[in-house]
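Topology and contacts: notes
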Amino acid sequence: MKVLFFGSLREQLGTGELNTVLPDGVGTIGQLLANLQAQGDEWKLALGAGNVLFAVNQDLVDENTVISDSDEVALFPPVTGG
Amino acid sequence: MISISVQEQDFDVGEEYRQLQAGNTDIGSGVGGVAIFTGQVRDLADNPLKFMRLEHYPGMTEKSLQQTADQAAERWPTIDIRIIHRIGDLAPGEQIVFVGVSSAHRDAAFSACEFIMDILKTSAPFWKKEQHVNGSSGWVDAKDVDQQRAERWQGGD
């Protein structure tokens, strides 16, 4: 699975893209978020503030969305275009 | 017709307006009016800006803008919708965004143009980072008022 990060989140995590296999027990965006938060202090800090938006295959979704290994997932802060 | 462009280069409002105004003359355009909004990089008196860097999510950005324009076209009797959003490094005073809508009567053009801007501000995956003259920099925070403006369209026109 491809996981993309943008904006301040990309900067805080020091990476824009992870290529990973969906870990056991991770079937939704919310579960993926919890899994990523457990990867270390900077992950917990960057992803634990509760203001992260999620996209699956380039559509905005909520935490309950089911994901699979073939999906493109993206995590990013609230958008500020316009 | 709906037209979306995400680009580094600047745009010419006059040229965009003329295209919206003309419509498709082969079939008789039916255009009675055009509403246009442009946004530009604001300078800040207390902490002067060197430039604003606009980052986006290639692919999703175009998809999101297309969906927003489609929703506007379903909701109001528009003729043409044109959205341009720039990315990259933009200096104070430079244009960022163009939304233009043509329609037979002004209500549809005004409403669709405002709707598109309000939804774009909260849904299209762009992020701004300010680089100041004094060397400091920082990501722009999303504003509650933008969320409120987007949500008011959920209740109807």
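Structure first, text after, so check above.
An account of the accompanying structure is given in this report. (Residues numbered from 1 in each chain as written. Chains lettered and ligands numbered in written order. Predicted model: local features only at pLDDT ≥ 70, side-chain atom pairs only at ≥ 80, totals over all residues.)

A word on the overall build of chain B. Scanning chain B from N- to C-terminus turns up four helices and eight strands. The linear arrangement of helices and strands in chain B, starting from the amino end, is β-α-β-β-α-β-β-β-α-β-β-α. Taken against the 2.2 N^0.38 rule, which gives 15 Å for 157 residues, the C-alpha radius of gyration of chain B at 16 Å falls within 12% of a compact globule. Projected onto its principal axes, the C-alpha positions of chain B cover 55 × 35 × 30 Å. (Helix = DSSP H or I, 4+ residues; strand = E, 2+ residues; numbered from the N terminus. Rg over C-alpha atoms; globule rule 2.2 N^0.38 Å.)

With that settled, the discussion passes to the sheet that holds strand β4 (residues 59-61) of chain A. Residues and elements named next belong to chain A. If you walk across this open sheet you meet the five strands as β2-β1-β5-β3-β4, and the pairing is mixed. With partners counted over all chains shown, the strands left at the sheet margins are β2 (17-19) and β4, one partner each. Averaged over all adjacent pairs, the angle separating strand axes in this sheet is 25°, with direction ignored. By the bridge criterion, three bridges tie strand β3 (residues 53-56) to β4 in an arrangement that is antiparallel. Looking across to β4, one finds that Ala 55 is bridged to Leu 60. (Pairing = 2+ DSSP bridges. Axes fitted to C-alpha atoms, helices over the stretch in contact; angles between N-to-C directions.)

So, on to the sheet that holds strand β4 (residues 78-86) of chain B. All names here are of chain B. Pairing within the open sheet is mixed, and its four strands lie in the order β1-β4-β6-β2. At either end of the open sheet lies a strand with only one pairing partner, and these are β1 (2-7) and β2 (33-40). With strand direction ignored, the average angle separating the axes of adjacent strands in the sheet is 5°. Sheet strands in contact with helix α2 (residues 60-75) are β1 and β4, and its direction is about 150° off that of β1. Across the sheet, helix α3 (residues 106-123) touches β2, β4 and β6 (95-103), and the angle it forms with β6 is around 150°. (Contact = placed C-beta atoms within 7 Å.)

Residues and elements named next belong to chain B. It is at 10 Å that the axes of α2 and α3 come closest, and there the two elements cross at 150°. Comparing the axis directions of α2 and α3 gives the class roughly antiparallel. The two elements α2 and α3 cross, and the hand of that crossing is right-handed. Only Ala 112, Phe 115, Ile 116, Ile 119, Leu 120 and Ser 123 of α3 make contact with α2, whose side of the interface consists of Ser 64, Leu 65, Thr 68, Ala 69 and Ala 72. When grouped by side-chain class, the residues that make up the contact of α2 with α3 number eight nonpolar, three polar and no charged. (Parallel < 35°, antiparallel > 145°, perpendicular 65-115°, else oblique. Left-handed = near helix turned anticlockwise from the far one by under 90°. Nonpolar A, V, L, I, M, F, W, Y, C, P; charged D, E, K, R; others polar.)

Residue and element names in this part refer to chain B. Of all nine residues that make up β6, eight are buried, and the element is covered over most of its length. In the sheet, β2 pairs with β6 via eight bridges, with the strands oriented antiparallel. Of the residues in β6, the one forming a bridge with Val 34 is Ser 102. Summarising the sheet, β4 and β6 pair through seven bridges and their orientation is antiparallel. Counterpart to Arg 82 in the pairing with β6 is Gly 100. (Buried ≥ 20, exposed ≤ 12 C-beta atoms within 10 Å, placed from the backbone.)

In this section: α2(B). For α2(B), spanning 16 residues, the distance from its first C-alpha to its last is 22 Å, which sits close to the expected 22 Å at 1.5 Å a residue. All buried positions along α2(B) are accounted for by B:Met60, B:Thr61, B:Ser64, B:Leu65, B:Thr68, B:Ala69 and B:Ala72. The buried residues of α2(B) occupy one face: seen down the axis, they fall within an arc of 165°. Exposed and oriented more than 90 degrees from the buried face of α2(B) are B:Asp70 and B:Glu74. Its buried side turned inward, α2(B) meets β3 of chain A together with β1, β3 (49-56), β4, α3 and β7 (126-132) of chain B. (Expected span 1.5 Å × (residues − 1). Arc of directions from axis to C-beta.)

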